[in-house]
Amino acid sequence: MSLLSFENLKVSFHQNGALSPAVKGVTFDVCKGETVALVGESGSGKSVTALSSVSLLPDSAVIEGSIKYNGQELCGASEKELRKLRGNAISFIFQEPMTSLNPLHTIEKQLSEILLVHQGQRGTKARARVIELLMQVGIHDPENRLKDYPHQLSGGQRQRVMIAMALANGPDLLIADEPTTALDVTIQAQILTLLRDLQASMGMSMLFITHDLGIVRKLADRVCVMKDGVIVEAGMTKDIFDAPSHPYTKMLLDAETTGHPIEVPQDAEVIAQTDNLRVWFPIQRGFMRRTVGHVKAVNAAQFTVRAGETVGVVGESGSGKTTLALAMMRLIASEGPVVVLGQDIQGWSNKQIRPLRADMQIVFQDPFGSLSPRMNVGEIIAEGLGVHGLGAYASAEAAVNEIMTEVGLDPATRNRYPHEFSGGQRQRIAIARAMVLRPKLLVLDEPTSALDKTVQVQIVKLLRDLQVKHKLAYLFISHDLRVVRALSHKVLVMKRGDVVEAGDAAQIFDAPREPYTQALIAAAFDLDVKEGAGV
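Fair warning: this is a prediction, and the values are worked out from it, not measured in the lab.

**Student:** Can you help me understand the overall build of the chain in this one?
**Tutor:** Along its length, the chain carries 19 helices and 20 strands. Over its C-alpha trace the chain gives a radius of gyration of 24 Å, about what one expects of a compact globule, namely 24 Å for 535 residues. Projected onto the principal axes, the alpha-carbon positions of the chain cover approximately 70 × 55 × 45 Å. Looking at the chain as a whole, 52% of its 535 residues are labelled buried. Relative to all contacts within the chain whose residues are 6 or more apart in sequence, the contacts with residues 24 or more apart total 67%. Counting every atom, the chain has about 24000 Å² of accessible surface; 50% of that belongs to carbon and sulfur.

Dropping the structure here:
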């Protein structure tokens with residue numbers, strides 16, 4: 001029996017005095033107790049379709065057609081009627097947790113508020129339920145995280161909190177919009193198992209929006225493939241994967257990051273190295289804020305990266321991967337040597353280290369969040385040149401045009417703003433901003449995690465080409481082990497601040513020694529986890 005039904009759904013947006021269509025006549029059902037996956041590249045209309053179900057689209061949207069929930073027509077329904085459904089019968093999990101979490105409230109307060117508003121729970125009963133929810137979604141030591149604010153959690157931990165919020169009221173229908181994008185492979189597997197268990201115990205239905213077809217194969221009963229606002233193919237999951245009929249579906253299924261890094265000469269220059277690097281954050285309690293312990297974010301890490309070489313850093317969210325990179329960039333305080341281009345820069349002042357900054361650049365996970373919306377692309381890319389005094393206007397303009405061409409962007413678009421580009425294009429802009437300074441060391445912090453698989457393949461190829469051409473040293477942080485395998489010469493495996501295994505990438509992936517590493521690789525490559533390899 002159909003729980004949610006879309007019939008000839010059309011969604012357009014008012015733009016510059018005209019209507020711009022985003023969804024063009026979509027029809028499909030989500031039946032009780034089943035999971036339907038809506039897949040396609042960014043901009044295909046997946047999220048717009050889902051958001052239209054309970055009218056979460058902006059006022060500029062025009063919705064036509066029919067959307068029914070349990071036989072109740074939602075198109076044209078009053079705000080009062082829709083409010084009864086939102087968060088109760090129909091619950092959402094969004095891709096970017098920081099858009100759903102209040103930065104001014106603790107995790108406990110935000111989860112407790114949901115329980116109070118919808119179920120009337122308060123006090124110790126509510127706190128016990130909050131702890132239970134956090135444990136369900138894989139938050140380690142939840143009792144000590146209740147008073148944390150969103151900014152104190154890693155990206156993956158924030159995503160898990162948001163999932164807990166969506167599941168708090170036991171909805172009949174869960175609409176999950178890329179809910180595992182920011183999660184590492186082991187937690188992703190836990191969340192998918194959790195969602196399957198909830199379906200079995202509650203009879204919950206799910207509309208799952210994703211660009212990761214590996215997840216679809218594990219989770220979905222049926223699949224709808226969207227392209228340019230239209231469903232181009234739909235059917236049972238097994239049928240779609242075994243015998244896709246539409247060329248677009250075949251292209252999505254074929255998009256897989258492959259290949260191996262180019263071999264690095266033994267005498268290649270050492271670009272950066274550290275030994276026994278430590279980052280401990282004090283835990284302070286009481287009125288006098290006395291230090292009663294430490295969070296050992298990075299504990300005794302060591303590695304060396306040479307020109308043309310990639311060191312991959314893998315591990316679960318909160319394992320210390322990004323903290324290690326920020327310490328190497330001297331963006332946070334640490335103990336232990338930080339040697340860059342033969343100089344130990346630990347203890348240097350900001351003034352001393354500034355000339356070296358051009359040689360040490362970073363590309364962040366979320367390109368949209370790291371690109372100023374008030375500056376056009378040309379200004380964003382050229383900003384570093386001005387800061388480091390590396391060129392007058394004419395030479396800077398030429399450098400921007402050159403690097404935009406090199407990363408696959410049209411220099412003619414240099415006067416556009418970040419919101420006018422796709423996710424993959426924004427990531428190329430972020431790479432261009434770093435590369436225009438011609439650095440020796442490039443830190444890549446989850447640069448492909450939020451991208452479609454087809455775009456991910458393109459970015460990996462771009463990074464490989466840039467590395468070979470410029471002999472770049474990469475410190476590559478990722479929870480996507482397939483990408484790490486394709487790019488990395490060496491790998492560090494981190495767990496709760498410790499490097500539990502390190503070595504050549506081939507050895508790590510083909511014959512991992514540590515049970516934790518075995519579990520990560522098993523989750524990433526759909527293998528059976530060896531006995532005792534739990535995380």
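**Student:** I would appreciate a short explanation of helix α4 (residues 123–136) in the present structure.
**Tutor:** Owing to its 3.6 residues per turn, the α-helix aligns residues three or four sequence positions apart on the same side. Spanning 14 residues, α4 covers 20 Å between terminal C-alpha atoms, matching the ideal 20 Å at 1.5 Å per step. Of the residues making up α4, those classed as buried are A126, V130, I131, L133 and L134. Viewed along the axis of α4, the buried residues span an arc of 160°, placing them on a single side of the element. Those residues of α4 that are exposed and angled more than 90 degrees off the buried face are T124, K125 and M135. Downstream of α4 by one or two residues, G138 has phi in the positive range, about 90°.

**Student:** Mind showing me how you'd approach the side chain of S52 here?
**Tutor:** Tracing the backbone through its elements, the reader meets S52 in the loop between α1 (46–51) and β4 (61–69). The residues touching S52, leaving out its near neighbours within four places in the chain, are F6, L9, V11, L57, I63 and I67.

**Student:** Whenever I open this one, the confidence of the model for the chain confuses me. Can you help?
**Tutor:** Note: predicted coordinates in regions of low pLDDT should not be interpreted at a detailed level. Of all residues in the chain, 97% attain a pLDDT of 70 or more, and the chain-wide mean is 89. Confidence over residues 528–535 falls short of pLDDT 50; this stretch has 14 contacts with residues more than four positions distant or in other chains.

**Student:** Looking at this structure, I do not really get the packing of aromatic side chains. What am I missing?
**Tutor:** For any pair of aromatic rings, the description consists of the separation of the ring centres together with the inter-plane angle of the planes. Inspection of the entire model under this criterion finds three aromatic pairs. Between F6 and F28, the aromatic rings sit 4.8 Å apart at their centres with planes inclined by 25°, giving stacked as the arrangement. Of this pair, F6 sits in strand β1 (residues 2–15) while F28 is found in strand β2 (residues 18–31), placing the two residues 22 residues apart along the sequence. The same class applies to F6 and to F28, which are both buried.

**Student:** I keep staring at the sheet that holds β4 and nothing clicks. Help me out?
**Tutor:** The strands that make up a sheet are held in pairs by hydrogen bonds between backbone atoms, and each pair lies either parallel or antiparallel. What the four strands build is an open sheet, ordered β2-β1-β4-β5; its pairing is antiparallel. Here the strands that pair on one side only, and so sit at the sheet edges, are β2 and β5 (72–73). Alignment of β4 against β5, held across two bridges, turns out to be antiparallel. In the strand pairing of β5, K68 is matched with E73.

Criteria and cut-off values
Residues numbered from 1 in each chain as written. Predicted model: local features only at pLDDT ≥ 70, side-chain atom pairs only at ≥ 80, totals over all residues. Heavy atoms only, no water. Helix = DSSP H or I, 4+ residues; strand = E, 2+ residues; numbered from the N terminus. Rg over C-alpha atoms; globule rule 2.2 N^0.38 Å. Buried < 20%, exposed > 50% of the residue type's maximum accessible area, 1.4 Å probe, protein only. Contact = heavy atoms within 4.5 Å. Areas by Shrake-Rupley, 256 points an atom, 1.4 Å probe, with all protein chains shown as cover. Expected span 1.5 Å × (residues − 1). Arc of directions from axis to C-beta. pLDDT = per-residue confidence, 0-100. Phe/Tyr/Trp six-rings, centres within 6.5 Å; stacked < 30°, edge-to-face > 60°. Pairing = 2+ DSSP bridges.

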